[in-house]
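The primary structure of each chain is shown beneath.
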Amino acid sequence: MAFLDWALHPTELWAAFWYVMRHAPPDEKTNKLQVSGDMRRCYDFLEMTSRSFAAVIQELNPRLRDGICLFYLILRGLDTVEDDMTIPGAKKREVLETFHEVLYVKGWTFKDSGPDEKDAMLLVEFDVVINEFMRLPEDYQVVIADITKRMGAGMAKYTRARVDTLEDYNEYCHYVAGLVGHGLSRLFAESRLEDKAVGEKLELANSMGLFLQKTNITRDINEDVLDGRCFWPKAIWTKYAASEEELISKRGRDKGIEALNEMCVNALEHIPDVMEYLNQIHEPSVFKFCAIPQAMAIATISLCYNNSNVLDGNVKIRKGEALKLISQSSTLDSVKRIFYRYLVQLEKKNDPSNPFYAQVHKIVDKAKKDIANTLPGGAPVDFSKEYAIIALFFVSALFFFYSCLAN
């Protein structure tokens, strides 16, 4: 099956080949960063907690790299506490609300994570993160501590509050992802690699985070419901099901897909802000750092739309497809072409009988026109069918060749 996937998507196979050729193994890459001591251990934790983020963070400009590595680890520690369902509510809220304070407490660690918490070791050795955080420039420390404080307060609030209304949904996503966009944008500006305005247009930064978070929440519905929680706003899912469990059940599947499509529409509305934000980023490593997750998000939301498999389990884009997106997300024009490609896919999946047909058509049509009007040469041409035909020809030829040899 894997061979067939590669054969039917030859451009992904090529992207995978070049990715392997151009990217060193994790340990080798850490050695090349020329870091030692606690900072080396921080990069080890970065690799342990997120391979995908580790790759793009390690390729950032040196003026930002360590700061963003630490920012990520601090927020990952905060998120690990929030996600741990074994920590009693009162204790969890206390840790979340004071997490920004412990960034200045040398030797602080947390050893009360549940036995199945995969990132528990980060908190057990959190003192190494604190040591390196306190070595950062003061401007960076102020930004990171401020975002940690605000995010911790928001997470603490939603240990008791429910995501009922669309306003709740936007607020929750702001706390857990929009604030990340705020912090990163402020760090970009503080580094002077990007214009000061990047750190001031925080509505756009918020929208970047919301597009990523809403895509993940939409995709993860099955896993979340089975874990006893649901981040889909009640205002949406109660229109289609009497309970979260019914939402993902085989019974009434048509209604579940309608709820899924409404969630996709809600995420897609952030595309104009994403394009506007990326348009203001100019430093190459910063651009790629920002663009890759957005490219993954548009590919994922396109896959999720009108896809009943989302209700049955966690759907993911192909590994080769992900590597292709990483290799292509280096310039604004190439990212526009990526978005255009997946907007076309959404358009093809948008059945006129779907209750959200008109909304999706409006969003997709406007985004496609905006992209086509700003790309040299206009709308991109899609050669995927031609590539697939060529790939099928070669697969058939190989099969025939080996059949002849066998006989």
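Residues numbered from 1 in each chain as written. Predicted model: local features only at pLDDT ≥ 70, side-chain atom pairs only at ≥ 80, totals over all residues. Heavy atoms only, no water.

Trainee: I keep staring at the overall build of the protein chain and nothing clicks. Help me out?
Mentor: For the protein chain, the count of helices and strands is 23 helices and 0 strands. In the protein chain, which comprises 407 residues, the share counted as buried stands at 53%. Considering only intrachain contacts with a sequence separation of at least 6, the fraction spanning at least 24 residues in the protein chain is 72%. Carbon and sulfur atoms make up 55% of the accessible area of the protein chain, which amounts to about 19,800 Å² in all. (Helix = DSSP H or I, 4+ residues; strand = E, 2+ residues; numbered from the N terminus. Buried < 20%, exposed > 50% of the residue type's maximum accessible area, 1.4 Å probe, protein only. Contact = heavy atoms within 4.5 Å. Areas by Shrake-Rupley, 256 points an atom, 1.4 Å probe, with all protein chains shown as cover.)

Trainee: Which parts of the structure should I look at to understand the packing of aromatic side chains?
Mentor: Aromatic ring pairs: the centre-centre distance and the angle between the two ring planes describe each pair. Tallying each qualifying case throughout the model produces 11 aromatic pairs. A centroid spacing of 5.3 Å and a plane angle of 35 degrees characterise the contact between Phe53 and Tyr72, whose relative ring orientation is tilted. Note that Phe53 is positioned in helix α5 (residues 51–58) and Tyr72 in helix α6 (residues 62–83), a separation of 19 residues in sequence. You can call Phe53 partly exposed: its relative accessible area is 32%. Overall, the relative accessible area of 15% leaves Tyr72 in the buried class. Cluster of aromatic residues (ring-pair linked, three or more members): Phe99, Trp108, Phe110 and Phe126. Taking the ring centre of Phe45 as reference, the NZ or CZ of Arg41 above it sits at 4.4 Å. (Phe/Tyr/Trp six-rings, centres within 6.5 Å; stacked < 30°, edge-to-face > 60°. Lys NZ or Arg CZ within 6 Å of the ring centre and 35° of its normal.)

Trainee: What is the right way to read the nonpolar core from this model?
Mentor: General note: in soluble globular proteins, nonpolar side chains tend to be found buried as a group. Counting residues in hydrophobic clusters, the biggest one holds 129 residues, and the most contacted among them are Phe126, Phe188, Trp232, Tyr277 and Leu278. If one sorts the elements of this core by residue count, helix α18 (residues 284–304) sits on top with 13 residues. Excluding its chain neighbours within four sequence positions, the residues that come into contact with Phe126 are Leu73, Ile74, Phe99, Leu103, Trp108 and Thr109. (Core = buried A, V, L, I, M, F, W, Y, C linked by side-chain atoms within 4.5 Å.)

Trainee: Whenever I open this one, helix α16 (residues 253–268) confuses me. Can you help?
Mentor: Residues that lie three or four places apart on an α-helix share one face, since the helix turns once every 3.6 residues. The first and last C-alpha atoms of α16 sit 23 Å apart over 16 residues, in line with the 22 Å expected at 1.5 Å per residue. For α16, a buried count of 13 out of 16 residues is recorded, marking the element as mostly surrounded by other parts of the structure. (Expected span 1.5 Å × (residues − 1).)

Trainee: Which parts of the structure should I look at to understand the pattern of salt bridges?
Mentor: Between side chains of opposite charge, a pair can form when the charged atoms approach closely. Under the defined criterion, the tally for this structure stands at 21 salt bridges. When the shortest N-O distance is used, the salt bridge between Arg150 and Asp146 registers 3.2 Å. Placement of both Arg150 and Asp146 in helix α10 (residues 138–157) is noted, with a separation of 4 residues, approximately one turn of the helix. Asp146 sits in the partly exposed class, given a relative accessible area of 25%. Salt-bridge contacts for Asp146 lead to Arg186; the nearest nitrogen and oxygen are separated by 2.8 Å. Residue Asp146 is found in helix α10, and its partner Arg186 is found in helix α11 (residues 166–190); the two are separated by 40 residues along the sequence. Taken together, the shared-partner salt bridges in this structure form one network comprising Arg41, Asp44 and Glu125. (Salt bridge = Lys/Arg side-chain N within 4 Å of Asp/Glu carboxyl O.)

Trainee: Would you explain the packing of α11 against helix α12 (residues 202–219) in this entry?
Mentor: A pair of packed helices is characterised by two quantities: the angle between their axes and the separation of those axes. Closest axis-to-axis distance for the α11/α12 pair is 7 Å, and the angle between their directions is 130 degrees. The orientation of α11 with respect to α12, classified from their angle, is oblique. Two packed elements cross with a definite hand, and for α11 against α12 that hand is right-handed. (Axes fitted to C-alpha atoms, helices over the stretch in contact; angles between N-to-C directions. Parallel < 35°, antiparallel > 145°, perpendicular 65-115°, else oblique. Left-handed = near helix turned anticlockwise from the far one by under 90°.)

Trainee: Sorry if this is basic, but what is going on with the packing of α6 against helix α7 (residues 89–102) here?
Mentor: Contact geometry of α6 with α7 gives a least axis separation of 9 Å together with a crossing angle of 165 degrees. Put simply, α6 runs roughly antiparallel to α7. Of the two possible hands of crossing, α6 and α7 adopt the one that is left-handed. Taking contact as the criterion, the partners of Ile74, Gly77, Leu78, Val81, Glu82 and Asp83 in α6 are, on α7, Lys92, Val95, Leu96 and Phe99.

Trainee: Where do I start with α18 in this structure?
Mentor: Between its first and last C-alpha atoms α18 spans 30 Å; for 21 residues at 1.5 Å apiece the expected length is 30 Å, and the two agree. Of all the bends in α18, the greatest reaches close to 25 degrees and is centred on Ala291; the proline Pro293 follows between one and four positions later. Burial within α18 is extensive, with 18 of its 21 residues counted as buried. Of the residues trailing α18, Asn306 is marked for its positive phi of about 60 degrees. (Bend = angle between axes of the 7 residues up to and from the residue.)

Trainee: For this particular structure, what's the right way to read the environment of Thr374?
Mentor: Here Thr374 shows up in helix α22 (residues 357–374). In this structure the C-alpha to C-alpha distance between Thr374 and Asp333, which are 41 residues apart in sequence, comes to 8.5 Å. Not counting the four nearest positions on each side in its chain, Thr374 is found in contact with Asp333 and Lys336. A polar side-chain atom of Thr374 sits 2.9 Å from a polar atom in the side chain of Lys336. (Polar contact = N/O pair within 3.5 Å; in protein donor to acceptor, adjacent residues only side chain to side chain.)

Trainee: Got a minute to help me understand the confidence of the model for the protein chain in this structure?
Mentor: One rule of thumb: low pLDDT means the predicted coordinates there are not for detailed reading. Summing up the model confidence of the protein chain, the mean pLDDT is 89 and the portion of residues at 70 or higher is 85%. Every residue in residues 6–24 is under pLDDT 50, and counting partners more than four places away or in other chains gives 29 contacts. (pLDDT = per-residue confidence, 0-100.)

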